[in-house]
Each structure stands twice: as structure tokens, then as C-alpha cells.
Amino acid sequence: MNGGLAGEQQSSAMQVVMIGLGEEKFALDAGLVREIIDPVPVTQVAGARAFVPSVINVRGNVIPLADLRIRFGMPQLDNSADTRIVVIEIEIDNEPVLVGVTADKVYEVTEISQADVQQTPRVGMHWKPEFIRFIAKWREEFVIVPNMERILN
Amino acid sequence: MSAMDPAEVFRQEASELFEVLEGALLDLGQCPDDRELVDSAFRALHTIKGSGAMFGFDKVASFTHEFETAFDRVRKGEIKPTQELISVALAAKDYIRALIEDPQSTDDIIGEAILDDLKRFVSADKPAAPVVEAPLLSPPESKQAGWHLYLEFDSHILRNGSNPLDLLEDLCKLGPCFVVPVTDGIPFLDEMEPEDCYLKWDVKLHAACTKDAIDDVFMFVQDEMKLTLSPLQRVEALAPVPLFQLSEEEPVIAEMAAPVVEAVAEQPVARAKPQSEAKPETKPEIKREAAPARREDGKQERGIATVRVQAERLDELMDRVGELVIAQARLTQLAASGSDLSIKMIAEEIERLASSLRDTTMGARMVPIGSLFGRFRRLVHDLSRDLSKPVEFVTSGEDTELDKTMIECLADPLVHLIRNAIDHGIEDTATRAANGKTDQGRIELAAVHSGAQVLVTVKDNGGGLNTARIRAKAEEQGLIAAGAVLTDHEIHQFLFHPGFSTAQTISALSGRGVGMDVVKRTIENMRGSIDLSTRPGQGTTVTLRLPLTLAIIEGLLIRVGEGRYIIPLSAVEECVELTAEDERSRGRNFLNVRGNLVPFLRLRELMAASGAPDQHQKTIIISTGETRVGLVADQIIGNHQTVIKSLSKLHSDVTIFSGATILGDGTAALILDVAQLVSLAQSKFEKQHINEAA
């Protein structure tokens, strides 16, 4: 992940990490992603909001583990050999916060070009439109570029 | 890394000296006769002048010099430090601070005005007749040909960078000196420490200078040396007489010069104080009467060697210790699961070391809260003058220690609270008189340990909160419906509402309604809480409850269902088994502990634990202050050194946990927030009571 390169090509292309959640593919902005780790034991936090049900230990830091599947109303699958945790850094109240995101599968780091960007359709979607930055096309498939700040706030 | 900007070093040092100076000046306002205070103020000034010149702050040096000259007359006891003089001296101090911190923004004219004021005060009330002490301070010079000095330095003086030879050179500048080194302290070569100073000096100074001039030469090393000083008469003295001794315990300049044997009949003796008059031959060793206890403490602290460490390094050290503690927990767990005895021994050894290393590191971060309290004395002094409300400011518990980060965070909230207390709390003199109170208001600032918490209280004896007015204001702002039933306590909570102010007029100090909400937020960010209590006509008390530390605590590790949790050990009173009888009383959530009813919470319900509960449920009794509450868990695992990691913003809505930690197996465990659990249990308990009563 070359941050500088991603920055230069911001205008035309965007580096993303392609992850799978249920049947859908999501493209996370590579600039947000800090690391991708194997599943670790989770600690449930009683009374927390449903989409951040637990915390995990990542290199000595206790960080929240978010479940996007709950936010998008998808069924939760049990961990499989493909399950990974993508650690991303987002801003909440102007402070950087590390958050783990469970992914059923991590495909690859790739580029999607601005030309492929589609407007988020207002109808025919059962997801809240504010959770989605835009929808892009990748290898003849539609992928969702989620708005992580919105989803986690 | 260690190459610090020398000017920065000076700034740091100066800021400490300013605190000393300010404290001494303010104290002097209370007890103008305390010579010790005058001396300590003078010493601070002198050091600022000296170091200022050394680091190129020439303006500071020259201004301080003028200040010092004016203040010298106070030191000589020629004039009394009046309140007005102290106000000017404080202004002068502020000006020097400004010169050091932000030289661009200062104006020479202000400095000159301050100096003029200072000189005016100092010269205005020149006493008609010299004060009795004055001639004693500088014995009649005409009669003496100089001084006989015997210098004995502490052996480690060279390590502190002082060079006795330089001091001797300075001494020579006062007049012709006859210096004889005394070599009898030099040990054999093989016992000699190359860095120690073994020489002593016998000096005859043939100059009619004052004793103060000699003291000034040794001002910076007076704690590390023994100076024996006697006036040199025309007839040589037989032996040096220890007139005053400067030592660790009593580094105080004696006020009187006692005569040498030949001089017994001379005039100074006649004027000397009774005790030396009674037995002048017994080498009178004059010590000042015991200073107030508080000062004594200060003296002792100075004796202890201290090292200046950058705050970031302490933070780094704490982080490393945190990581070590976590690694040690893993080792202990690994050792416990194996059967290798020697590994177990090492694990235990490391556990012991890690725990003492943790305590030491935390200790290094602890700062007495007194350093913070000192700052507010000036605030109270200025506010009370500006508002013409005489206020007595009383502090207690200055030696209560808190983590340094917390001390820093506490400064702003306390400023708000003290301002509020003086501006809103204390009534004006007329109102006080009408209510039969003394003219002088009283603000008490206190810190005290209470279990795992430190309580900091700001208490005034003013008019108390006006509940009706707060309520009216809350209704006006639409925060509550008119006629809603609220307890006084609930109404007072509106004070913490952003933008809420009941002050009729907006003063320069307060009334804009910005403050109390900030105070509350700051305290809550420190995992503390804030309480208000008020009695109409008698005053208001604001209590801040703060955790002792932010970094590592001793915890009790428990298991509830599959999950493991930490309870801060300092809150745990005892652990009891939940009896079958308690177990049966499903509906009634309190148990009987030696005759006392203690409400309890079932953690399994709270944590929505899955799986079957353990057959023998354990109850951990926790307490905050007076209140005791039981927590029912499946298993008590044991002690755990808990490195506190804060929970992220995503979990800021979860109140029953105060943080998280990492266990030996690398999983995260949550730390229970005792105060929250107790209030939760209390409210449940009370509801139940109401239901039962109904």
C-alpha cells in the first residue's frame, strides 16, 4: 500500500482493499486500513451498541470490533478459514480511533477508477444511503464504498 | 536528546522560583514579621537575577536588581512589608515573569512605573530611628579591620559543579584576603575519592565589608557548607568562633554577630539579645526560633536530592512498565500451566520485580497537590481585592499525592470553582453584616484520600445556592416544564448545563455560564465525578471525586459466565459466598452481611452471560465511601495487576465499564466502574423499597 501513490492518483483512481461481507463486496479506502489480522478472541461489551458488540487486543491496544454486517442487516456467519479482521483508523470527534472490522473474506488491494463510479441509486436499496459513499464497478461487479465515519457514529 | 536549550532550563527554573517568591510574598502579607519569609523571597530574587544574567536575560537581571535593592530594606528590617508593598512586589514579580516568557510584549515603561512605586513605598516610611536589629546585622565597621572566615565544604560539592576556588576568588574581590588551606582532612592516597573536596580554608579578609556581602558570595552553596565567621579585631582573635552555622537542618542566617573573646566588652554585646548577654564566653550559637511547621517541611525537601526529568520520559517509562506487566502476566500463566519448578520460580521472581517496578514508576509520577494549591492563593488574593470582598483562603491536605497528569487537568476546573465561590458564593460585606456573618468570607480548599479516590473540595461560607432562582432560570430556558416536580439535587444539576448562568449581571469574572459544564466534562474525562451540596445562608461545597491514578491498578479478576472482568481491588471490601438462602430470595436483591443489609447486583444478568451459572456463586462486596454493594459472580480468579486501557469513543455510551485491560492470555478484559455499579444498585434497591412500601 503506497500512500503517496494513492494520493497522487486520487483524482483518477482510488486504492481500495476489497472485502467480502456475506454476498456483497465492499471496497475500503486503502488509506484508512492499518493492518489485516487473523481472528483473535473477542471480549463482549455488555450494553454496547449492537454494531460494536466487543473489543479485541491488537498489539497491546484494546480496540473496538465493529460488525458491518449488523449495520447492513446481513446474517452473521460463523468465523471461517477466510475470516479476517481489518484494522482501520477513522476520525471520531476529530480524534483518530482504531477500529477493527470483521470481514468474511479479504480479496485483494486494488484500484477503482473514478470513471467506474456510479451514483448511489436512491431507490431499490435496503441500506441507508448515508452509509454509502458511492458504488463502483469492479470486474463487472458492483462494489460498495462505505462511509465508515458515518457507519461507526 | 539531553542537549536542552539553556534558556529553556532557565525558564523552567525561574518558574519554580516564581512560585517560591509568590508564596513567600503572600505569606508575608499574613505575617509581616516572619524574617524567614523575607529571606526566602530574597533568595529567590537573587537566584533569578544571577541565573538571568548568566543566560543572557539582561533586562531581567537589571530589573530584578532594582527590585532586590528596594526589597533589601525590607530584609534589613528597616521597613515593614505592608499590603500595598506586597501588591507592588507581586506586580513586579509578574513583570519579571513576562520579561522571561514573552520579552516582546513587555513595555519598559511598565517596569519603570513598578520600580517607581516600589521605591516610593520603600523610601516613604523611612523610620525616624533605626530599628534595633539594624546595627546588629552589620556590626559597626569602624571598629573592625575585617573578618575571619573558616570554610568547610561538603565533600560532594564539586559534583554539583561548584568550585570553591571561584568562591574564594569572589571573596578576594571584597578586599585583600589571606587564605590558608587546611589540609588535615586529606586522606591517604588509596582512600581518596577524586571527586571529593577535602580541603578547608582559613581566610582572613582585611576589608571593612558587611556580613551580608560575605553571605552573598556563598549564597548558592550555603546549604552545602559550613561557614564560620567572626569579626577581625585590631587585636587578632584567638580562635574562630562559630557565630552561625549553615547546615542541612538549619540553613538560616543568624541575625546577630557575636563578638570574639577580646571584644566582649565591645558595644555589640551590650545590644545583643539576652541569651548571648548571659554567657558570652560560651561561643553563643544563635539559632532562630522554630519557624512554622510548614516552612520546616520545605527545608527538608530542599535537602533531598532531586532530578529534573522531562514529563514525556515519565510517560514513556509508564508505557514500558505497562507492557512489562502484561508480558509478565503471560509468563505467569504459562509457568502455572507447566510443571517446571524452576520456570515457576523465575516467574514469581519477575512478578515481584514487575510489581515493585510498577509501584516505583507510579510513585515517580505522583505529585503532591500542594503545588497546585499554591497557585490559587494569588487568584484569591487578586479576586478578593478586585471585588472588595475580604476572603480568607484556607487549604489543607497539600501533601495528598495525585498522578501528575491529573494535577495538570485539575488546574482549570479548580480556577472556575474558586472564582464561582468568591464571585457568586461569598456575599458582599454589607449583606454579610446584615446576615450576622463576619466581614471576611472563607474559602476552603481541601484534598483528602478516601479509599481508591481522592476528594478535592472547594467550600465557601457564602449564601449557598439559590434553588428557586436556578429553577426559574431553567424554566425560562425551557429546560424543564413549569411546575415539574424535581428534587433540589436535580435542580442543582442544571448548573452543569452548557450556557446556564443565574448571575443577574455579567461580571468580568463569571456569569456567562461558561465554566461549570466545562468543569464537569473535565472531571468526567478523568473518570471522576462532581458533587454539589449547599445549605442556604451557610455556603456551598463542591466535591470532586477523582481516581488515584490513570495508569495501573491492582485488580481482582473475576469470571461471569464466559467473560472475565476486573474489579479495582481498592474498592473491594470482602468476598463472601452467596448462601442458598440469599439465592432463594430471587425477588429481594439484598443480602445480610453481619446484620447489615447490602444490596447486590447479579453480574450474570447485567452482562447477559450465557451458560449455566456456577453452583456456588460468590459475592464481592465493594464500597465507595459509605455505601456498600455486593456483586455476584461465578468465580473469583485472583489478583491481577491491571494496566488500564481506555475504551474508545465507540463505547463511550457504556457506563458500567471504566476501561479495559489485557490479560495474560492476550485477551481483553473489561474493568468494572465501581461508582456506576454502586449507584445502579442503590437506585434498584431504593425502587424496590418504594415498591415494597407501596
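Residues numbered from 1 in each chain as written. Chains lettered and ligands numbered in written order. Predicted model: local features only at pLDDT ≥ 70, side-chain atom pairs only at ≥ 80, totals over all residues.

Draft legend 1. Quick peek at the overall build of chain A. Tallying secondary structure elements over chain A gives three helices and twelve strands in all. Burial status across chain A gives 29% buried among its 153 residues. Long-range contacts, defined as pairs at least 24 residues apart, comprise 53% of the intrachain contacts of chain A with a sequence gap of at least 6. (Helix = DSSP H or I, 4+ residues; strand = E, 2+ residues; numbered from the N terminus. Buried ≥ 20, exposed ≤ 12 C-beta atoms within 10 Å, placed from the backbone. Contact = placed C-beta atoms within 7 Å.)

Draft legend 2. Broad picture of the overall build of chain B. Check the secondary structure of chain B and you find 22 helices and 21 strands. Classification of the 694 residues of chain B by burial places 31% in the buried group. Sequence separation of at least 24 residues holds for 68% of the intrachain contacts in chain B that already meet a minimum separation of 6.

Draft legend 3. Layout of the packing of helix α1 (residues 6–30) of chain B against helix α4 (residues 83–101) of chain B. Residue and element names in this part refer to chain B. Following both chains from N to C, one finds α1 and α4 inclined at 175 degrees, their axes separated by 10 Å at the closest point. It follows from the interaxial angle that α1 and α4 lie roughly antiparallel. Contacts between α1 and α4 involve Arg11, Ala14, Phe18, Leu21, Glu22, Leu25, Leu28 and Gly29 on the former and, on the latter, Gln83, Ile86, Ala89, Leu90, Lys93, Arg97, Ile100 and Glu101. (Axes fitted to C-alpha atoms, helices over the stretch in contact; angles between N-to-C directions. Parallel < 35°, antiparallel > 145°, perpendicular 65-115°, else oblique.)

Draft legend 4. Representation of the sheet that holds strand β10 (residues 529–535) of chain B. Residue and element names in this part refer to chain B. The mixed open sheet is built from five strands, whose spatial order is β6-β8-β9-β11-β10. The outermost strands of the open sheet, each flanked by one partner alone, are β6 (391–396) and β10. Across the sheet, the mean angle from the axis of one strand to that of its neighbour is 15 degrees, orientation sign disregarded. In the sheet, β6 pairs with strand β8 (residues 441–450) via six bridges, with the strands oriented parallel. Residue pairing for β8: phenylalanine 393 is matched across the bridge by isoleucine 443. Strands in contact with helix α15 (residues 404–425) are β6, β8, β9 (453–460) and β11 (539–547); relative to β9, the strand with the most contacts, it is inclined by about 20 degrees. (Pairing = 2+ DSSP bridges.)

Draft legend 5. Fine view of the interface of chain A and chain B. Every contact between the two is made by 23 residues of chain A and, on the other side, 22 residues of chain B. Among the secondary structure elements, those contributing two or more residues to the side of chain A that touches chain B are β4 (43–44), β5 (54–58), β6 (61–66) and β8 (95–103) of chain A. Among the elements that line the side of chain A that touches chain B, the one with the most residues is β6 of chain A, at four residues.

Draft legend 6. The arrangement of the environment of serine 371 of chain B in detail. Residues and elements named next belong to chain B. Tracing the backbone shows serine 371 in helix α14 (residues 370–386). Residue classification places serine 371 among the partly exposed residues on the basis of 13 C-beta atoms within 10 Å. Along the backbone, serine 371 and glutamate 19 are 352 residues apart, and their C-alpha atoms lie at a distance of 8.7 Å.

Draft legend 7. Up close: the packing of α1 of chain B against α14 of chain B. Residues and elements named next belong to chain B. At a closest axis distance of 10 Å, the pairing of α1 and α14 adopts a crossing angle of 50 degrees. The angle between α1 and α14 places the two elements in the oblique class. Two packed elements cross with a definite hand, and for α1 against α14 that hand is left-handed. Mapping the contact onto sequence places Glu19, Glu22, Gly23 and Leu26 in α1 and Gly374, Arg377, Arg378 and His381 in α14. Split by residue class, the contact of α1 with α14 holds one nonpolar, three polar and four charged. (Left-handed = near helix turned anticlockwise from the far one by under 90°. Nonpolar A, V, L, I, M, F, W, Y, C, P; charged D, E, K, R; others polar.)

Draft legend 8. Region of the structure containing the nonpolar core. The biggest cluster of nonpolar side chains holds 84 residues, and the ones touching the most others in it are Val86 of chain A together with Ile567 and Leu631 of chain B. Those residues within four positions of isoleucine 567 of chain B in sequence are excluded, and the remaining contacts are Gly555, Leu556, Ile558, Val572, Ile620, Ile622, Leu631, Leu672 and Val674 of chain B. Core analysis: the next-biggest nonpolar cluster, separate from the first, contains 34 residues, Leu28, Ala41, Val60 and Phe63 of chain B among them. (Core = buried A, V, L, I, M, F, W, Y, C linked by C-beta atoms within 7 Å.)

Draft legend 9. Unusual backbone geometry, seen in detail. Residue and element names in this part refer to chain B. Of note in this structure, serine 388 is not a glycine but carries a positive phi near 40 degrees. Within the secondary structure, serine 388 sits in the loop between α14 and β6. The exposure class assigned to serine 388 is exposed, which follows from the 8 C-beta atoms found within 10 Å. Although it is not a glycine, alanine 608 sits at a positive phi angle of roughly 50 degrees. Within the element layout of this structure, alanine 608 appears in the loop between α21 (603–606) and β17 (618–624).

Draft legend 10. Highlighting the sheet that holds strand β21 (residues 668–672) of chain B. Residues and elements named next belong to chain B. Strand order in this open sheet of five strands is β19-β12-β13-β21-β20, and the pairing throughout is mixed. Among the strands making up the open sheet, the edge pair consists of β19 (635–643) and β20 (657–662). Geometrically, the sheet is characterised by an average inter-axis angle of 35 degrees between neighbouring strands, direction not taken into account. The pairing of strand β12 (residues 552–560) with strand β13 (residues 563–568) spans six bridges and is antiparallel. Within β13, the residue paired with valine 560 across the bridge is glycine 563. Of the strands in this sheet, β12, β19 and β20 touch helix α12 (residues 311–337), which is tilted by about 150 degrees from β19.

Draft legend 11. Geometry of the pairing of strand β12 (residues 141–146) of chain A. Residue and element names in this part refer to chain A. Bridging between strand β11 (residues 132–138) and β12 involves six bridges; their strand directions are antiparallel. Bridge assignment links isoleucine 132 to a residue of β12, and that residue is proline 146. In this antiparallel pair of consecutive strands, β11 and β12, the connection spans two residues, and arginine 139 shows a positive phi of 50 degrees.

Draft legend 12. Layout of the environment of alanine 24 of chain B. Relative to the helices and strands, alanine 24 of chain B is located in helix α1. Looking at alanine 24 of chain B, the number of C-beta atoms within 10 Å reads 22, which means it is buried.

Draft legend 13. Just the confidence of the model for chain B, in detail. All names here are of chain B. Averaged over every residue, the pLDDT of chain B is 75; residues scoring 70 or more account for 80%. Within the model, pLDDT remains below 50 along residues 508–513, and this stretch shows 18 contacts once partners closer than five positions in the same chain are excluded. Taken over the whole predicted complex, pTM reads 0.51, whereas the ipTM for its chain interfaces reads 0.83. (pLDDT = per-residue confidence, 0-100.)

Draft legend 14. Expanded view of the confidence of the model for chain A. Residue and element names in this part refer to chain A. Overall, the prediction assigns chain A a mean pLDDT of 81, with 84% of residues at 70 or greater. When pLDDT is averaged over each element of chain A, strand β3 (residues 33–37) comes out on top at 93 and helix α1 (residues 3–8) at the bottom at 41. Here residues 1–10 is modelled with pLDDT under 50, and outside its nearest four sequence neighbours on either side it reaches seven contacts, counting other chains as well.

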